[in-house]
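Architecture and fold: a report
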Amino acid sequence: GSEAVVGRYLGRVRPTWSMTDQPDTTADPGPRSVIIDTDTAGDDTQALLLAALSDRIDLEAVTICAGNVAFDYEVENAKYTLDLAGVADDVTVYEGARAPLLKDHEDADYVHGEGGLGRSLFPDTGIESGDRHGADVIVDAARKNPGEITLVCIAPSPKVALAPRQEPALND
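Per chain, the residues get numbers from 1 upward, laid out in the order the sequence is written. A pLDDT threshold of at least 70 governs which residues receive local features in this predicted model, and a stricter bar of 80 or more applies before side-chain atom pairs are shown or counted, although totals over entire chains, interfaces and linings include all residues. The basis for every side-chain value is the complete set of non-hydrogen atoms in the structure, without hydrogens or water.

**Let's talk about the side chain of Thr 38**
Every helix listed is a DSSP run of H or I at least four residues long, and every strand listed is a run of E at least two residues long, numbered separately from the N terminus. Within the fold, Thr 38 resides in strand 1 (residues 32-38). Any residue under 20% of the maximum accessible area for its type is buried, any over 50% is exposed, and the rest in between are partly exposed; the area is computed with a 1.4 Å probe on protein chains only. Of the residues examined, Thr 38 reaches a relative accessible area of 1% and is grouped as buried. Only 3.3 Å separates the side chain of Thr 38 from the backbone nitrogen of Thr 40, close enough to count as a polar contact. Setting aside chain neighbours within four positions, we find Thr 38 in contact with Asp 44, Val 62, Thr 63, Ile 64, Cys 65, Ile 154 and Ala 155. Nitrogen and oxygen atoms within 3.5 Å of one another constitute a polar contact, given that in protein one can donate a hydrogen and the other can accept it, and given that sequence-neighbouring residues count only through two side-chain atoms. The contact definition used throughout considers only heavy atoms, calling two residues in contact when any of these lie within 4.5 Å.

**Regarding helix 2 (residues 42-53)**
Working rule for helices: expected span equals 1.5 Å times residues minus one. Under the 1.5 Å per step criterion, the end-to-end length of helix 2 is 17 Å for 12 residues, consistent within 8% with the ideal 16 Å. Listing the buried residues of helix 2 in full gives Gly 42, Asp 44, Thr 45, Leu 48, Ala 51 and Ala 52.

**Focus: the nonpolar core**
Counting residues in each nonpolar core, the largest one holds 17 residues, and the members touching the most others are Leu 48, Leu 59, Val 62, Ile 64, Leu 82 and Val 93. Elements that contribute at least two residues to this core include exactly strand 1, helix 2, strand 2 (57-64) and helix 3 (71-85). It is helix 3 that contributes the most residues to this core, 5 residues altogether. Excluding its chain neighbours within four sequence positions, the residues that come into contact with Leu 82 are Leu 48, Ala 52, Leu 59, Val 62, Val 87, Ala 88, Val 91 and Val 93. By nonpolar core we mean a set of buried residues, namely Ala, Val, Leu, Ile, Met, Phe, Trp, Tyr and Cys, connected to one another through side-chain atoms within 4.5 Å. Core analysis: the second largest hydrophobic core is formed by 6 residues, Tyr 94, Val 137, Ile 138 and Ala 141 among them.

Following this line, the structure appears as structure tokens:
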């Protein structure tokens, strides 16, 4: 067995675990509640699309921060992606920090193209953004569902820096 193989390569060392010590992964925990924090350009739209279409993720919200391209493009790119996935009516996009907290904003148009989607400028979706700041959404979700929200940060994250100022218990 595995002890014999380990013993042969490591002498007297024996594993301290066995397959019976592993957690039961056969139980379906259901979808994971997720908030995605993004600066929506091409790479992030792919991640957002996969999350929106996954039956293992309950996408609670999308928050936007300054990053890859002009902020308004980032917001529209997220809305366009959610609309493409057919979940724009169920998942709200919340705008966050329009600029970095500690430095001047430097976009990456040279990588992602104007607009963030390889210079493909899509028409305005007409979808409204949520009426709250992204940091407030993160804090409220954590307060209402302690330990149950997964925050996926695929962008610079000033909201993550701001959220503990509003709710110090998030650091615990």
